[in-house]
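One-letter residues, chain by chain:
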There are 2 protein chains.
Amino acid sequence: MRVAVLGGTGSFGGALAKRLAAAGEQVVIGSRDAGRAHAAAAEIGGRAAGAANEDAVEGVDLAVLAVKADGALETARAVANALGGTPLLSVASVIEFRKGVGMLPDRDPRSLAERIQDVVAAPVAAGLHSIAAVSLDEEPPDEDALVCGDDARAKEAALELAAKVVAGRALDAGPLASARALEGLTAVIVNLNRRYKAHAGIRVTGVA
Amino acid sequence: MRVAVLGGTGSFGGALAKRLAAAGEQVVIGSRDAGRAHAAAAEIGGRAAGAANEDAVEGVDLAVLAVKADGALETARAVANALGGTPLLSVASVIEFRKGVGMLPDRDPRSLAERIQDVVAAPVAAGLHSIAAVSLDEEPPDEDALVCGDDARAKEAALELAAKVVAGRALDAGPLASARALEGLTAVIVNLNRRYKAHAGIRVTGVA
């Protein structure tokens, strides 16, 4: 599987790229700054490559939009043309911090992933929201990865990638609108981490 | 712990009341129809009692609002006076079904629990959204229960109740706004159940 990780110089994107490379996948790290992308790829080594975001998506099976939530729409717009019909996986979540209260899920009634689908022709899937960068560092975490999407091909590619990232299962959580809940889970997990001094993740019970 | 289960004649409320009674708690089943509440309590037996919703909340430590989402606000308004400052636990989720697509989380940017807080003076907590009625039937399910709230006393009471319902842990997921994500999880779980012919639940990993 050839995968572009846009925002692969960030903490989650970098950890994901490293994990995928360790799983034997061909990774192209994308960044607004091609130089930083090359440096991040060199650090991973092996077959990992680096390129400007628009060039990174060239010829990949799946592009992961791993830039932070506040830059996700802008980056999606920037790569829309280069992407064409290549599936795009949205992994970011909007979180609001309120002092003394904790982390709050986004107030927007539509998920970031749905808003990203508005600005690209490529089919968008969403997932991996419950997985922390730090959990990817050493080995595939003992967690499940939830993925959703309206386009069967994009969701299939996202599930294939997710299965390589976690030791648990990659599970199909339904339509792209499920991203409202999956993105909201990130705030829940950060709250759990703060409350219990933990690195929380999700396992789905009852699914054989 | 003395607990009122409003909507205790419904499938989730009934299963919850039965589970709490089996755990030795004193349960008062509430219904709009006192006769139906009495009948449901008689079916559970033991110390379980039945009453009209407004009477059921009298002298309890916690009231669970277990009516379906479309009746939740109306029932909350109806019991608001009788409730006074007694903590209220919201467990319902709004789910939209779209044919050929599956279950969608609510489009309302605010959770049902936050909207319930608008119509009662009592402090509101939310939780148990990932637990299915059928999972409560035989014994405490091997799942965790996530609870959230802005009021410490209401959240504490809700966590205490949740710990009696599941074999896993009752976990504090942060402020009441976390209910946006927790309620959305119900749609995700129903999608997982349909996709994998399962009875899905949630376990949080990485929390000691």
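Thresholds, definitions, all that
- By convention here, each chain's residues receive numbers from 1 onward along its written sequence.
- All chains are assigned letters beginning with A, and all ligands numbers beginning with 1, in the order in which they are written.
- Where local features are concerned, this predicted model is filtered to residues with pLDDT of at least 70; where side-chain atom pairs are given and counted, the filter is 80 or more; whole-chain, interface and lining totals use all residues.
- The side-chain quantities take in all heavy atoms of the structure and omit both hydrogens and water.
- Here a strand is any run of E in DSSP of at least two residues, a helix any run of H or I of at least four, and the numbering for each starts at the N terminus.
- Two things to know: the radius of gyration comes from C-alpha atoms, and the globule rule equals 2.2 Å times the number of residues to the power 0.38.
- Summary of the burial criterion: residues with accessible area below 20% of their type's maximum are buried, those above 50% are exposed, and those between are partly exposed, where the area comes from a 1.4 Å probe applied to protein chains only.
- Positive: Lys, Arg. Negative: Asp, Glu. His and the chain ends are not part of the count.
- For charged residues, the charge sits on one atom: NZ in Lys, CZ in Arg, CG in Asp, CD in Glu.
- Should any heavy atoms of two residues lie within 4.5 Å, those residues are counted as being in contact.
- Summed over both partners, buried area is the accessible surface (1.4 Å probe) that two parts give up on being assembled.
- The term salt bridge refers to a pairing of a side-chain nitrogen on Lys or Arg with a carboxyl oxygen on Asp or Glu at a separation within 4 Å.
- By the criterion applied in these results, polar contacts are pairs of N or O atoms within 3.5 Å in which, for protein atoms, one can donate a hydrogen and the other can accept it, and in which residues neighboring in sequence qualify only through two side-chain atoms.
- Being paired, for any two strands, means DSSP has found at least two bridges between them.
- Note on terminology: a nonpolar core comprises buried Ala, Val, Leu, Ile, Met, Phe, Trp, Tyr and Cys residues joined through side-chain atoms within 4.5 Å.
- Copy-to-copy superposition: least squares on the C-alpha atoms, limited to residues that have pLDDT of at least 70 in both copies.
- Residue-level confidence of the predictor is what pLDDT reports, using numbers from 0 through 100.

### Notes on the overall build of chain A
Counting its regular elements, chain A contains 7 helices and 11 strands. Here the C-alpha atoms of chain A give a radius of gyration of 16 Å, agreeing with the 17 Å that 2.2 N^0.38 yields for 208 residues. Dimensions of chain A, computed from the C-alpha atoms along their principal axes, are close to 40 × 40 × 35 Å. By residue count, 59% of the 208 residues in chain A fall in the buried class. Looking at chain A, you have 22 positive and 26 negative side-chain charges, and the mean spots of the two groups are 6 Å apart.

### A short note on the interface of chain A and chain B
Frequently, the measure chosen for interface size is the accessible area removed from exposure when the parts meet. Taken together, the contacts link 38 residues of chain A with 39 residues of chain B. Of the roughly 3000 Å² buried between chain A and chain B on both sides combined, carbon and sulfur atoms contribute 66%. Inspection of the chain A/chain B interface yields 2 salt bridges. We note a salt bridge from R195 of chain B to D172 of chain A, for which the minimum N-O separation is 3.2 Å. In this assembly, chain A and chain B are joined by 13 residue pairs in polar contact (both at pLDDT 80 or more). Counting residues per element, the ones that place at least two in the side of chain A that touches chain B are β7 (102–105), β10 (170–172), α7 (179–196) and β11 (201–205) of chain A. Ranked by the residues each element gives to the side of chain A that touches chain B, the list is headed by α7 of chain A, at 10 residues. Pairing geometry for β11 of chain A and strand β11 (residues 201–205) of chain B, over 5 bridges, is antiparallel. Across the sheet, R203 of chain A pairs through a bridge with R203 of chain B, a residue of β11 of chain B.

### Looking at the pairing of strand β3 (residues 49–52) of chain B
Both strand β2 (residues 26–31) of chain B and β3 of chain B contribute to a ladder of 4 bridges, which runs parallel. Opposite I29 of chain B, over in β3 of chain B, you have G50 of chain B as the bridge partner.

### Points about the nonpolar core
Counting residues in hydrophobic clusters, the biggest one holds 82 residues, and the most contacted among them are L88 and V204 of chain A together with L88 and V204 of chain B. When neighbours within four sequence positions are excluded, L88 of chain B is seen to be in contact with L6, L62, A63, L65, L83, I116, V120, P123, V124 and A125 of chain B.

### A closer look at the relation of the copies chain A and chain B
The transform that puts chain A on chain B rotates by 180° and translates by 0.0 Å along the axis, for an RMSD of 0.0 Å. Such values leave the two copies arranged in the relation of a two-fold axis. Interface overlap between copies: 100% of the residues of chain A at the interface are likewise at the interface in chain B, consistent with a symmetric, same-surface contact.

### Here's the deal with the pattern of salt bridges
Residues and elements named next belong to chain A. Under the criterion given, the structure shown has 28 salt bridges over all chains. Note that D142 and R203 form a salt bridge whose closest N and O atoms lie 2.4 Å from each other. Residue D142 is found in the loop between β8 (124–127) and β9 (145–149), and its partner R203 is found in strand β11; the two are separated by 61 residues along the sequence. A relative accessible area of 53% means that D142 is categorised as exposed. Judged by its relative accessible area of 23%, R203 falls in the partly exposed class. A salt bridge links D144 to R169, with the shortest nitrogen-to-oxygen separation between them at 2.7 Å. Residue D144 is located in the loop between β8 and β9, and its partner R169 is located in the loop between α6 (152–165) and β10; the two are separated by 25 residues in the primary sequence. On the basis of relative accessible area, D144 is assigned to the buried category, the value being 0%. Each member of the salt-bridge network shares a partner with another, and the members are D142, D144, R169 and R203.

### Looking at the confidence of the model for chain A
For chain A, the average pLDDT comes to 96, and 100% of its residues sit at 70 or higher. At the level of chain-chain contacts, confidence expressed as ipTM amounts to 0.95, with global pTM at 0.96.

### Points about the pairing of β8 of chain A
Each regular strand displays side chains that alternate between the two surfaces of the sheet. Residues and elements named next belong to chain A. Side-chain alternation along β8 places V124 and A126 on one buried face and A125 and G127 on a second face that is also buried. Pairing between strand β5 (residues 88–90) and β8: 3 bridges, direction parallel. Across the sheet, L89 pairs through a bridge with A125, a residue of β8. Relative to β9, β8 is paired through 3 bridges, and the arrangement is antiparallel.

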